[in-house]
Amino acid sequence: KLRCGGVEDHLVPSPARVAFALRTAANVGVPIKFTAGLHHPFRHSSSSHSSVVNEEGGLAVPMHGYFNIFFAAFLAYMQNATLDDIEKMVSEMYDKSVKFSNDGISWLGHELPLESLQEARERYVLSYGSCSFIEPIEDAEQYGWL
């Protein structure tokens, strides 16, 4: 289980640390799930989403996005992506031009074939938990994913 956030800056792992965890788990074939802080699909600053705020007014570090984390994990598992490529996926905050098709998902020049995604979901990238049930759904609707 990879904890991806929290209410204090030190609880949010760096993109490099997340990438290392994803690459390592994929290398040894350990299934992975994610928890904490993954309310929105893309990496973002807390000021861009008012729901991600602590008593002091927000976090100084960006929060991870559930799409970033999942895509990077799939890339690690399915395509044996390099640590640098995984970290780029985890770090991306501005490019939201994800393309879904009957053949798979593409983003930032990487394509994940649909036939391999099911196996990856069953064997490696298991699930994620979020404190919010509504925010991930609302954002997915906003992007036209649901």
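(A) View of the overall build of the chain. Within the chain one finds 5 helices and 6 strands. The secondary structure elements of the chain, listed N-terminal to C-terminal, are β-α-β-α-α-β-β-β-α-β-α. Over its C-alpha trace the chain gives a radius of gyration of 15 Å, about what one expects of a compact globule, namely 15 Å for 146 residues. Here the C-alpha coordinates of the chain stretch approximately 45 × 35 × 25 Å along the principal axes. Here the chain, with 146 residues, has 44% of them falling under the buried criterion. Looking at the chain alone, contacts between residues at least 24 apart form 71% of all its contacts between residues at least 6 apart. Of the roughly 7,900 Å² that the chain leaves accessible, carbon and sulfur atoms contribute 52%.

(B) Looking closely at the sheet that holds strand E1 (residues 2-3). An order of E1-E2-E6 is seen for the 3 strands of this open sheet, with the pairing classed as parallel. Each edge of the sheet is formed by a strand with only one pairing partner; in this case those strands are E1 and strand E6 (125-128). Pairing between strand E2 (residues 32-35) and E6: 3 bridges, direction parallel. Among the inter-strand pairings, Phe 34 is bridged to a residue of E6, identified as Tyr 128.

(C) Quick look at the sheet that holds strand E5 (residues 110-113). With antiparallel pairing, the 3 strands of this open sheet are ordered in space as E3-E4-E5. Of all the strands in the sheet, the pair left with one neighbour each is strand E3 (99-101) and E5. Direction aside, neighbouring strands of the sheet carry axes that sit 15° apart on average. In this structure, E3 lies alongside strand E4 (residues 104-107), joined through 3 bridges in antiparallel fashion. Paired with Phe 100 across the strands is Ile 105, a residue of E4. Against the sheet, helix H2 (residues 66-79) makes contact with E3, E4 and E5, and its axis sits at roughly 75° relative to E5, the strand it touches most.

(D) Structural detail: the nonpolar core. Ranked by internal contacts, the top residues of the largest apolar core, which has 34 residues, are Leu 22, Phe 34, Ile 86 and Tyr 124. Listing elements by their share of this core, those giving two or more residues are helix H1 (15-28), E2, H2, helix H3 (83-91), E4 and helix H4 (114-123). Considering every element that reaches this core, the biggest residue donor is H2, with 10 residues. Contact partners of Ile 86, with chain neighbours within four places excluded, come to Ala 19, Leu 22, Arg 23, Ala 72, Ala 76 and Ala 81.

(E) Representation of the environment of Asp 139. Note on placement: Asp 139 falls in helix H5 (residues 134-142). In this structure, the C-alpha to C-alpha distance between Asp 139 and His 40, residues 99 residues apart in sequence, is 6.5 Å.

Criteria and thresholds
Residues numbered from 1 in each chain as written. Predicted model: local features only at pLDDT ≥ 70, side-chain atom pairs only at ≥ 80, totals over all residues. Heavy atoms only, no water. Helix = DSSP H or I, 4+ residues; strand = E, 2+ residues; numbered from the N terminus. Rg over C-alpha atoms; globule rule 2.2 N^0.38 Å. Buried < 20%, exposed > 50% of the residue type's maximum accessible area, 1.4 Å probe, protein only. Contact = heavy atoms within 4.5 Å. Areas by Shrake-Rupley, 256 points an atom, 1.4 Å probe, with all protein chains shown as cover. Pairing = 2+ DSSP bridges. Axes fitted to C-alpha atoms, helices over the stretch in contact; angles between N-to-C directions. Core = buried A, V, L, I, M, F, W, Y, C linked by side-chain atoms within 4.5 Å.

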